[in-house]
Amino acid sequence: MSELIVGEHRCFDGRLLYCEHTSAVTNCKMRFSLYLPPAAEKRPVPLVTWLSGLTCTEENFTAKAGAYGKASELGLAILAPDTSPRGEDVADDEGYDMGQGAGFYVDATEAPWKPHFQMYSYITRELRELVLREFPLDSSRLGIFGHSMGGHGALTIYLKNQDIYKSVSAYAPIVSPMNCPWGHKALSGYIGDDREGWRQYDSCELMKALGDASSRPEILVDQGLGDPFLEEQLKPELFDEACAGVGQKLTLRRHDGYDHGYFFIQTFMDDHLSHHAQLLG
């Protein structure tokens, strides 16, 4: 049994693990959950990483998404990390959209955030290498998906690391932090006021820089039309335009009546897991 595991539950004949470790990248203790389907008892399985949104911990997806029955059926492992560093000595902000619970999946370069807020490197390097080393996972079949701030994280991480991640999807993602209030606050705070530096964390800008993307795997995005953040913060039409400009295959589904929460996420979870399973093989 891995020393990382601090809790375990049987779920759909698989193993739901709660884990904790001391991160050398974020300089604090970090928590995550990992679901291993029954197939992992026989062979290494594909892994999809879920990135949660503002204010969330590793628990939100784990308890609310309703993902593990389908994951067992498809033979997918699911990793759900926390959204930020945490602790008494970790910088924070009075707002819910900055600091603890709001790491934005970037590597901070500005004080007071730089010592701990290195979430891009934590997700793409340290955490990925840790779980691949400790658990029966197939390092050649990795996908990533997420919600809101986590949708932003999933898309940007995928677009910058297509040698690592072979599939991506998102729910209500913040597709262009350069063009919304959440993004302005986070990017200026974490990496400074030079907007050129923001482009590396903007899905639309990264997509435009790809060049011809017509041969790349399809991206799936779901958006609720009852989402209160749709017009001011999310702006999926910008990502649609960016994908069209480079020939990227995108399925952007808009759903009447659905808001920004986990009932929306639950409703379409099977579709997202099937999307990843098909691309990961």
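Look up a bit, the structure's there.
Notes on the structure follow. (Residues numbered from 1 in each chain as written. Predicted model: local features only at pLDDT ≥ 70, side-chain atom pairs only at ≥ 80, totals over all residues. Heavy atoms only, no water.)

**Quick notes on the packing of aromatic side chains**
With the rule as written, the count across this model stands at 15 aromatic pairs. Each ring, one from Phe117 and one from Tyr190, has its centre 5.5 Å from the other, and the planes form 25°; the classification is stacked. In this pair, Phe117 is assigned in the loop between strand S5 (77-81) and helix H3 (119-134) and Tyr190 in helix H5 (residues 181-191), connecting sequence segments 73 residues apart. For the pair Tyr120 and Tyr201, a centre-to-centre distance of 6.2 Å together with 70° between the ring planes defines the contact as edge-to-face. Taken together, the residues span a long stretch of sequence, with Tyr120 in helix H3 and Tyr201 in the loop between helix H6 (195-198) and helix H7 (203-209) at a distance of 81 residues. Summarising the burial analysis for this pair, Tyr120 and Tyr201 share the class buried. Each member of the aromatic cluster is reached from another via a ring pair, and the members are Tyr35, Trp50, Phe61, Tyr68, Phe145, Tyr171, Tyr258, Phe264 and Phe268. One cation-aromatic arrangement involves Lys160 over Tyr120; the distance from NZ or CZ to the ring centre is 4.4 Å. (Phe/Tyr/Trp six-rings, centres within 6.5 Å; stacked < 30°, edge-to-face > 60°. Helix = DSSP H or I, 4+ residues; strand = E, 2+ residues; numbered from the N terminus. Buried < 20%, exposed > 50% of the residue type's maximum accessible area, 1.4 Å probe, protein only. Lys NZ or Arg CZ within 6 Å of the ring centre and 35° of its normal.)

**Considering the nonpolar core**
Counting residues in hydrophobic clusters, the biggest one holds 98 residues, and the most contacted among them are Phe32, Phe61, Phe135, Tyr190 and Met269. With near-sequence residues (within four places) excluded, Phe61 lies in contact with Trp50, Ser52, Ala67, Tyr68, Ile78, Ala80, Phe145, Tyr262 and Met269. (Core = buried A, V, L, I, M, F, W, Y, C linked by side-chain atoms within 4.5 Å. Contact = heavy atoms within 4.5 Å.)

**So, the environment of Gly211**
Structurally, Gly211 can be placed in the loop between H7 and strand S8 (219-224). Looking at Gly211, the relative accessible area reads 32%, which means it is partly exposed. Each C-alpha atom of the pair Gly211 and Gln248 lies 9.5 Å from the other, and the pair is 37 residues apart in sequence.

**Quick look at the environment of Tyr201**
By relative accessible area, which is 3% here, Tyr201 ends up buried. Distance from Tyr201 to Leu159, taken between C-alpha atoms, is 9.9 Å for residues 42 residues apart in sequence. Dropping the residues within four chain positions of it, Tyr201 is found in contact with Tyr105, Val106, Asp107, Tyr120, His152, Thr156, Lys160, Pro177, Leu187 and Ile191.

**Considering a negative patch on the surface**
Taken together, the side chains of Glu231, Glu237, Asp240 and Glu241 define an acidic patch exposed on the protein surface. At three residues, helix H9 (residues 236-246) tops the list of elements feeding residues into the negative patch. By the element assignment, Glu237 lies in helix H9. Looking at Glu237, the relative accessible area reads 38%, which means it is partly exposed. (Patch = residues over 30% accessible without salt bridge, like charges linked within 9 Å, V, L, I, M, F, W, Y side chains within 5 Å. Areas by Shrake-Rupley, 256 points an atom, 1.4 Å probe, with all protein chains shown as cover. Salt bridge = Lys/Arg side-chain N within 4 Å of Asp/Glu carboxyl O. Lys, Arg positive; Asp, Glu negative; His and termini not counted. Charge placed at Lys NZ, Arg CZ, Asp CG, Glu CD.)

**Focus: unusual backbone geometry**
In this structure, the amide linkage connecting Ala111 to the following residue, Pro112, adopts the cis form with an omega of 0°. The residue Pro112 is located in the loop between S5 and H3 in this model. Unusually for a residue other than glycine, Asn27 sits at a positive phi of about 60°. If you trace the backbone, Asn27 turns up in the loop between strand S2 (14-23) and strand S3 (28-36). By relative accessible area, Asn27 is classed as partly exposed at 45%.

**Structural notes on the pairing of strand S6 (residues 137-147)**
The element S6 is largely enclosed, with a buried count of eight among its 11 residues. Pairing between strand S4 (residues 45-51) and S6: six bridges, direction parallel. Following the sheet pairing, Trp50 is matched in S6 by Phe145. Where S6 and strand S7 (residues 167-171) come together, five bridges link them in parallel fashion. (Pairing = 2+ DSSP bridges.)

**A look at the sheet that holds S2**
Sheet architecture is open: nine strands sit in the order S1-S2-S3-S5-S4-S6-S7-S8-S9, paired in mixed fashion. For this open sheet the edge positions go to strand S1 (5-11) and strand S9 (250-255), each flanked by a neighbour on one side alone. The average undirected angle you get between the axes of adjacent strands in this sheet is 20°. (Axes fitted to C-alpha atoms, helices over the stretch in contact; angles between N-to-C directions.)

**Examining H5**
Among the residues of H5, those classed as buried are Trp182, Gly183, Ala186, Leu187, Gly189, Tyr190 and Ile191. Buried residues along H5 sit against H6 and helix H8 (230-234).

**Comments concerning the state of the cysteines**
One covalent bond between the sulfur atoms of two cysteine residues makes up a disulfide. For the coordinates displayed, the defined rule picks out zero disulfides. Free of any disulfide, Cys11 has its nearest neighbouring cysteine sulfur in Cys19, separated by 15 Å. (Disulfide = S-S within 2.5 Å.)

**With respect to the pairing of S7**
Counting buried positions along S7 gives five out of five residues, so the element sits mostly inside the fold. Across the two faces of S7 the burial is the same, with Ser167, Ser169 and Tyr171 and Val168 and Ala170 all buried. Taking the sense of rotation as the criterion, the β-α-β connection linking S6, helix H4 (residues 149-160) and S7 turns out right-handed. Sheet topology note: the S7/S8 ladder contains three bridges and is parallel. (Right-handed = clockwise from strand over helix to strand, strands pointing away.)

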